Amino acid sequence: MRTAAAALISMVALAGTGLPAFSQTIQTPAEQSGYTRYTQYQDIAPFLDQVAKASKQAKVLVAGKTGEVKDFAPADIYLVVLTAEGIATPQALNRKKPTILVLGAQHGNEQSGKEAALTLIRDLAVGDLKPLLGQVNVLVMPQTNPYGNFVNRRTNEQDLDLNRDHVKLETPETRAIHAVFRAWMPEASIDVHEQGDNYYRVNSGRVTNANIAPAIRAFARDTIYKETEALVTAGGYTWHEYLVTEAMGSQGAAGAAEPTGANLEELTRPSTVDLNDGRNSLGIYETISFIQESASRHDIPTLKDRTTYQYLGIKGLVQSVARHAEEVRTLVASSRAALLKKASAPAPGDLVHLRMVHARDPKDPQITIQHFQTVPGADAATASPMKVVTEVVRNWFPNVEPTISVPRAFGYIVPAANKDVVKTMIAHGIAVQVFTADTEVEVERYLVDDITPSTEDYVAPDKIAVTKQAVKVTARKGDYYVNGAQPAANLIPNLLEPQAEFGFIRYRMFNLVPDKGATFPFLRVVKRQTLPLETIK
Ligand SMILES: [Zn+2]
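Q: Looking at this structure, how should I read the overall build of the protein chain?
A: In terms of helices and strands, the protein chain carries 12 helices and 21 strands. In terms of C-alpha radius of gyration, the protein chain reaches 24 Å, essentially the compact-globule figure of 24 Å for 537 residues. Out of the 537 residues belonging to the protein chain, those deemed buried represent 56%. Taking as baseline every contact in the protein chain between residues at least 6 positions apart, the subset at least 24 positions apart corresponds to 78%. Accessible area of the protein chain: about 22000 Å², with a carbon and sulfur share of 54%.

Q: Looking at this structure, I do not really get the coordination of the zinc ion. What am I missing?
A: Four donors placed tetrahedrally around a metal ideally meet at 109.5 degrees, and six donors placed octahedrally ideally meet at 90 or 180 degrees. The zinc ion binds to the protein through H107 (ND1), E110 (OE), E110 (OE) and H193 (ND1), with metal-donor distances spanning 2.0 to 2.6 Å. Each of the 4 donor atoms bound to the zinc ion contributes to angles spanning 55 to 149°, and the resulting shape is irregular.

Q: Which parts of the structure should I look at to understand the sheet that holds strand β4 (residues 137-141)?
A: On the basis of which strands lie adjacent, the open sheet formed by 8 strands has the order β1-β2-β4-β3-β5-β10-β6-β7 and mixed pairing. On the outer flanks of this sheet lie β1 (58-65) and β7 (239-241), each paired with one strand and no other. Neighbour-to-neighbour, the strand axes of this sheet turn through a mean angle of 20°, independent of strand direction. Relative to β7, strand β6 (residues 202-205) runs parallel, the two sharing 3 bridges. The partner of S204 across the bridge, within β7, is E241. In this fold helix α9 (residues 303-323) packs onto β3 (99-104), β4, β5 (188-194), β6 and β10 (288-294), with an angle of close to 170° to the strand it touches most, β5.

Q: Just checking my understanding: could you explain the pairing of β6 for this structure?
A: Strand residues, when the strand is regular, have side chains that alternate between the two faces of the sheet. Residues V202 and S204 line one face of β6 and the alternating positions N203 and G205 line the opposite face, and both faces are buried. The sheet contact formed by β6 and β10 spans 4 bridges and is antiparallel. Its bridge partner being in β10, S204 is matched across the sheet by Q292.

Q: How do you make sense of empty space enclosed by the protein when you look at a structure like this?
A: Vacant regions in the atomic arrangement are exposed by a probe of water-molecule size rolled over the atoms. Enumeration according to the criterion identifies 1 cavity of 30 Å³ or more in this entry. Quantified by volume, the largest cavity comes out at close to 50 Å³. Going through the elements one at a time, α7 (214-234), β10 and α9 are the ones with two or more residues in the lining of the largest cavity.

Q: Got a minute to help me understand the packing of aromatic side chains in this structure?
A: With the rule as written, the count across this model stands at 12 aromatic pairs. With a centroid separation of 5.1 Å and an interplanar angle of 35°, the aromatic rings of F72 and F150 are classed as tilted. One end of the pair, F72, is in the loop between β1 and β2 (76-82); the other, F150, is in helix α5 (residues 146-151), and 78 residues separate them in sequence. Judged by relative accessible area, F72 falls into the buried class, the value being 9%. Taken together, a centroid distance of 5.2 Å and an interplanar angle of 65° make the contact between Y225 and W239 edge-to-face. Of this pair, Y225 sits in helix α7 while W239 sits in strand β7, and the two are 14 residues apart along the sequence. Per residue, the accessibility class of Y225 equals that of W239, and both read buried. Taken together, the aromatic side chains of F72, Y147 and F150 make up a single cluster linked through ring pairs.

Q: What should I look at first to understand the domain arrangement of the protein chain in this one?
A: Segmentation of the protein chain into domains returns domain 1 (20-249 + 266-341), domain 2 (361-396) and domain 3 (408-535). Put simply, the middle of domain 2 and the middle of domain 3, counted by C-alpha atoms, are 45 Å apart.

Q: Got a minute to help me understand the packing of α7 against α9 in this structure?
A: Between two packed helices, the angle of one axis relative to the other and the distance separating the axes together describe the packing. Interaxial distance between α7 and α9 falls to 8 Å at its minimum, and their mutual angle equals 130°. It follows from the interaxial angle that α7 and α9 lie oblique. The crossing of α7 and α9 is right-handed. Every residue of α9 that contacts α7 at T223, I224, E227, T228, L231 and V232 is listed here: L312, G313, K315, G316, L317, Q319, S320, V321 and R323. Here the residues of the contact of α7 with α9 are counted per class, giving 6 nonpolar, 6 polar and 3 charged.

Q: Help me understand the nonpolar core in this model?
A: What tends to happen in soluble globular proteins is that the nonpolar side chains get buried as a cluster. Residues L82, V138, I288, M425 and L496 are the most contacted members of the largest nonpolar core, which totals 118 residues. Built from parts of two domains, this core gets at least three residues from each of domain 1 (20-249 + 266-341) and domain 3 (408-535). Setting aside residues up to four positions removed in sequence, V138 forms contacts with V80, V81, L82, I100, V102, L120, L124, L133 and V318. Grouped together as the second largest cluster of nonpolar side chains are 12 residues, F410, V441, A475 and V525 included.

Q: Looking at this structure, how should I read the pattern of salt bridges?
A: Pairing between side chains of opposite charge can happen when their charged atoms approach one another. Counting across every chain of the model gives 30 salt bridges. Between E170 and K168 there is a salt bridge, with its nearest N and O atoms 2.7 Å apart. Using a relative accessible area of 29% as the deciding quantity, one classes E170 as partly exposed. When its relative accessible area of 2% is taken as the criterion, K168 is described as buried. What you see here is one network of salt bridges that share partners, running through E444, K468, E497 and R524.

Q: Help me understand the side chain of K315, please; the structure alone is not making it clear to me.
A: Structurally, K315 can be placed in helix α9. Buried K315, no salt bridge; nearest opposite-charge side chain is D128, N-O distance 5.1 Å. If we ignore the near neighbours within four places in the chain, the residues touching K315 are L129 and L231.

Q: Can you help me understand the side chain of T439 in this one?
A: Its place among the elements puts T439 in strand β17 (residues 439-452). A relative accessible area of 14% means that T439 is categorised as buried. If we ignore the near neighbours within four places in the chain, the residues touching T439 are V473, T474, A475 and P532.

Q: Whenever I open this one, the packing of helix α3 (residues 41-54) against helix α4 (residues 112-126) confuses me. Can you help?
A: Packing of α3 against α4 brings their axes to within 9 Å, and their N-to-C directions diverge by 15°. As judged from the angle between their axes, α3 and α4 are roughly parallel. Considering how the two elements wind past one another, α3 and α4 form a crossing that is left-handed. Along the contact surface, α3 presents I44, F47, L48, V51 and A54, while α4 presents K114, L118, I121, R122, A125 and V126. Within the contact of α3 with α4, the residues separate by chemical class into 9 nonpolar, no polar and 2 charged.

Reading the values: rules and limits
Residues numbered from 1 in each chain as written. Predicted model: local features only at pLDDT ≥ 70, side-chain atom pairs only at ≥ 80, totals over all residues. Heavy atoms only, no water. Helix = DSSP H or I, 4+ residues; strand = E, 2+ residues; numbered from the N terminus. Rg over C-alpha atoms; globule rule 2.2 N^0.38 Å. Buried < 20%, exposed > 50% of the residue type's maximum accessible area, 1.4 Å probe, protein only. Contact = heavy atoms within 4.5 Å. Areas by Shrake-Rupley, 256 points an atom, 1.4 Å probe, with all protein chains shown as cover. Donors = N, O, S within 2.8 Å, 3.2 Å for Na, K, Ca; no water. Tetrahedral: all angles 85-135°; square planar, octahedral: opposite > 155°, others 65-115°. Pairing = 2+ DSSP bridges. Axes fitted to C-alpha atoms, helices over the stretch in contact; angles between N-to-C directions. 1 Å grid on protein atoms, 1.4 Å probe; cavity = no way out; pocket = protein on both sides within 12 Å on 5 of 7 lines; lining within 4 Å. Points joined across faces, edges and corners; volume = space filled by probe spheres on them. Phe/Tyr/Trp six-rings, centres within 6.5 Å; stacked < 30°, edge-to-face > 60°. Domains from an automatic or database assignment. Parallel < 35°, antiparallel > 145°, perpendicular 65-115°, else oblique. Left-handed = near helix turned anticlockwise from the far one by under 90°. Nonpolar A, V, L, I, M, F, W, Y, C, P; charged D, E, K, R; others polar. Core = buried A, V, L, I, M, F, W, Y, C linked by side-chain atoms within 4.5 Å. Salt bridge = Lys/Arg side-chain N within 4 Å of Asp/Glu carboxyl O. Lys, Arg positive; Asp, Glu negative; His and termini not counted.

Have a look at this one:
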């Protein structure tokens, strides 16, 4: 309840900011409708236009366009650049401050991420968060899936799940996200989602893939989690690290169908290590990257409430990065520089992790969590009365341990025939070169000793046993070379190695699953050699 006295205090506070009075009157489309409907694509351009007119700090760019589909004209995918300097290009970005990228509603039916992102844009541009631009630059893609929002469904206009498309980049939406990421190289990011109803209103998931620098994973847990929790809790909502409970041995996070019928034991773990999502796929560039999964009943009556707590979770990250701006900037810069240095001269002991498992931690054997339990006979739709129960989870797997790792290579040769693979790498912003003449090259080649292909698309072979052979081959004019010494140094082997769990091999569209006894087409270059190459533009 807002009292007259409170209203007076906030008016005095506003008067003190020196902001022009009109800027306080900009409402988000959701506010304009009194949170009675979801903001749609056609509401967003006028709102962003209004913000950009009122604020020198906000620049509205178009990062991509949705595909052709019946009954929905191609829609612009917006990027709003919020900086104290009011810049509009990556070249002009003040890199003395860390940059944060916010992704709203990749899943079209998880609407509140987009509403909260729009609120954030307004508050950074003309509202009470504007002073944060003294410490951080903020990039917001408020509506990454306009078609999914329109029909209120998870997938895009191709019926593809964007958050399972960050390796193969089949969708214009994920291509836009990665083009923005690679152009601006933000130090931190947050990908905003909704889950089902949950006692914990805001759930933050940090980067978990074992290739990402331990210092980045620890900073996310020890600093950002704590400060986000404090802000969300102070706002009157519950917060927890984002946890997933699944049947042991499940591949659900990959985007494959879940096993059914089996009565499998369950485990609880932090969110996925998979590189095909909007968090680890940016995190693999040594980014302090998050997913936020907030509680949702996916209905209009709860829209205002869920927008409020989504906003608090995102604000928690922005404030925390601003508070530790120099630490964040140097942590990410030094991690990225160290990776590049390692990749420029691979040492035998430098391993890239291709497969990993969630594991128990003897020092952290169980976790106690709260959740909702529906009272028998109660109306689940209104969730009232809901009982809060405490559970001690004994199958708690907080750690990640690599199971298959390989020494880092200088680079990889990709045959001319695998043009689809090369096109996808270029969409990732990976530099690819082409051989300008037939050349003898000393390489490592994989012989496939045994293979059990997966029965599902999006899943790596159930089993793949390989032997590495040191051989001399002739790289043909027109074959490709991917140098490992670039910002995607940890991503490249994870895309191209045959044993990589999250690589191109798992997608049927690339047709890379080899037969037993065959050699894998991608070759490892592990000795420094002068090769006749030119870079593909
Ligand atoms: Zn989602």
